[in-house]
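Geometric and topological summary
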Amino acid sequence: MSLNLGLVGCGGMGMRHAHGYIEMRKHFDSFTLSAVCDRHKAAANGVASAVEDATGHRPQVFTDYEAMLASGVHAVDIVTDTRMHHTFALQAFDAGVHILTEKPMALTMKACRLMRDVAEEKGLVLSIGEQYRRDPMNRLAKALLDAGAIGEPGFAMKVSVGGGSALMHDTGWRALKSRAGSIIIEQGVHEADLLIYFLGDIESLSAHTGLFAPVRTREGMTGQIAQFYSHRVEDAFANQETVEIDQEDTAIGILSFASGAIGQLTITNASIGYGAGINTIHGSAGTMQMPPTRTGVPPSIYLESAQEPLSQQQMLELVPDWELDEVTATFFGGTRRMGSYEVGFEAIDRILVAIEMKELASAIESNCRKVEVDAEVGMKALAVSYGILESGNSRQPVSLVDIMDGSVAEYQSEIDREAGI
Ligand SMILES: NC(=O)c1ccc[n+]([C@@H]2O[C@H](COP(=O)([O-])OP(=O)(O)OC[C@H]3O[C@@H](n4cnc5c(N)ncnc54)[C@H](O)[C@@H]3O)[C@@H](O)[C@H]2O)c1
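An account of the accompanying structure is given in this report. The structure presented is a predicted model; accordingly, all values stated were derived computationally and were not measured.

One can describe the packing of helix H6 (residues 136–146) onto helix H8 (residues 183–199) by two numbers: an axis separation of 9 Å at closest approach and a directional angle of 35 degrees. Together, Asn138, Ala141, Lys142 and Leu145 of H6 and Leu194, Tyr197 and Phe198 of H8 make up the contact between the two elements. For the contact of H6 with H8, the per-class residue count stands at 5 nonpolar, 1 polar and 1 charged.

Given below as structure tokens:
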């Protein structure tokens with residue numbers, strides 16, 4: 001039996017989820033996208049039409065979430081801006097409906113705890129759409145690290161320099177602390193999740209944060225994801241040429257891992273005219289340059305004695321038992337082991353979402369309720385991002401346990417108040 005899936009939030013990422021659904025349906029009929037919802041009917045219609053064109057079936061279009069919930073959906077995929085994630089998840093749980101929600105899991109740690117507790121109490125699936133770790137090249141990198149390819153990991157450098165004059169994705173809500181938490185979180189949760197995936201839990205951190213480029217011009221969306229945003233309807237700062245953002249756009253964090261490793265996580269969205277990135281893990285026997293997500297490019301491993309990184313063949317020989325899970329392999333023509341892939345950004349983008357959707361369906365169908373990026377995993381990534389903002393705010397080091405349980409939450413308290421939680 002095919003389960004009914006509803007999608008709420010038909011903006012840019014909502015359209016990418018629609019393409020993920022279309023991709024999933026090429027191989028699995030676990031879900032039928034029976035309904036889509038956006039408060040802007042034109043946006044919802046845009047996504048419904050894309051689905052209809054590709055599958056021949058038009059999802060019912062809603063502008064009211066409660067009405068969609070009552071339409072007979074078994075699961076809802078939440079892709080609204082972050083402010084609504086917890087509200088819509090809690091309403092779904094009340095109706096006995098399972099949830100896949102986009103990252104970040106929720107607006108604040110308190111909102112996450114509410115979602116986690118109710119999902120557990122009701123025995124419903126709560127899956128977080130954190131797709132970077134699902135990239136086959138990140139799976140390979142993880143296997144290589146676990147196999148000791150660079151020895152014992154000692155420190156990690158993750159530096160992401162970008163942004164500057166433009167508003168991120170030209171979406172008004174990302175300018176607002178009350179709707180986004182912080183622009184740092186948008187990219188930060190991806191980076192934090194990967195660091196934890198590769199190196200294990202982060203115990204504590206200290207950080208400095210600041211706002212350096214408050215005035216952003218609305219230049220329209222550019223780059224490889226612009227195509228997914230053309231149908232969306234803007235409702236924050238529409239028609240304004242510039243927007244003032246009200247939260248930190250730069251964070252420099254120093255991390256302590258439970259393993260004893262240390263790391264630097266630096267993210268700035270305030271670099272005018274220049275972008276750059278460092279993404280490395282350094283071990284006792286070598287260095288791994290981490291693969292850029294969704295490019296198909298493999299990690300590079302540099303060993304002490306070698307000038308050149310290991311070849312793909314040499315890397316695969318280090319992990320003779322490594323293979324992709326069956327579902328992921330299905331989207332790559334059944335290939336279980338690969339040293340790289342060439343499918344293009346749009347294809348890998350929709351494949352990673354398709355894998356999340358298929359996993360959600362399997363967790364519901366099998367009654368096991370287990371997903372890889374569950375509430376605990378989603379919260380750990382957000383706790384690192386909020387830990388950085390809390391530490392930047394208080395000028396004190398923070399323990400991640402305190403961020404997870406809410407003992408340290410001053411930065412977030414204003415957001416919680418405004419969200420009424
Ligand atoms: N995993 C990734 O790589 C990735 C990439 C981009 C965005 N995201 C996440 O996806 C989410 C959406 O981001 P986006 O870029 O698509 O934003 P967006 O503004 O393009 O889309 C959000 C949509 O939600 C709708 N919406 C908001 N409140 C609503 C409500 N109460 N009822 C119905 N519809 C409502 C808006 O009208 C809009 O169409 C965010 O949480 C973001 O962090 C994840």
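Our next topic: helix H5 (residues 109–122). Taking 1.5 Å per residue, 14 residues should reach 20 Å; H5 reaches 20 Å between its end C-alpha atoms and fits that length. All of the buried residues along H5 are Met109, Ala111, Cys112, Met115 and Ala119. Buried residues of H5 fall within an arc of 155 degrees about the axis and therefore sit on the same side. Buried residues along H5 sit against helix H4 (85–94), strand E6 (126–129), helix H12 (375–394), helix H13 (400–405) and helix H14 (410–419). Two residues or fewer after H5 comes Gly123, characterised by a positive phi angle close to 70 degrees.

Now for the site of the ligand. Close to the ligand lie 28 residues; Gly9, Gly11, Met13, Thr80 and Glu102 are nearest. The dominant element in the shell around the ligand, judged by the number of residues it contributes, is helix H1 (residues 12–27), at 3 residues. For the shell around the ligand, the per-class residue count stands at 10 nonpolar, 11 polar and 7 charged. Three or more residues apiece are contributed to the shell around the ligand by two domains, here domain 1 (3–131 + 351–374) and domain 2 (133–324).

By secondary structure assignment, the location of Ala270 is in the loop between strand E12 (262–268) and strand E13 (276–283). Exposure remark for Ala270: the 21 C-beta atoms within 10 Å place this residue in the buried category. Expressed as a C-alpha distance, the spacing of Ala270 and Gln289, which sit 19 residues apart in the sequence, is 24 Å. Beyond its immediate stretch of four places on either side in the chain, Ala270 contacts Gly163, Gly164, Phe212, Ala213, Asp249 and Thr250.

In any sheet, the strands associate via hydrogen bonds between backbone groups, in a parallel or an antiparallel arrangement. Ordered by their spatial adjacency, 6 strands build an open sheet running E3-E2-E1-E4-E5-E6, and the pairing between neighbours is parallel. The open sheet is flanked by strand E3 (60–62) and E6, the only strands paired with a single partner. Here the strands of the sheet are splayed against their neighbours by 25 degrees on average, with no regard to which way each runs. In the sheet, strand E1 (residues 3–8) pairs with strand E2 (residues 31–37) via 6 bridges, with the strands oriented parallel. Following the sheet pairing, Asn4 is matched in E2 by Thr32.

Rules used throughout
- Residues numbered from 1 in each chain as written.
- Predicted model: local features only at pLDDT ≥ 70, side-chain atom pairs only at ≥ 80, totals over all residues.
- Axes fitted to C-alpha atoms, helices over the stretch in contact; angles between N-to-C directions.
- Helix = DSSP H or I, 4+ residues; strand = E, 2+ residues; numbered from the N terminus.
- Contact = placed C-beta atoms within 7 Å.
- Nonpolar A, V, L, I, M, F, W, Y, C, P; charged D, E, K, R; others polar.
- Expected span 1.5 Å × (residues − 1).
- Buried ≥ 20, exposed ≤ 12 C-beta atoms within 10 Å, placed from the backbone.
- Arc of directions from axis to C-beta.
- Near = placed C-beta within 6 Å.
- Domains from an automatic or database assignment.
- Pairing = 2+ DSSP bridges.

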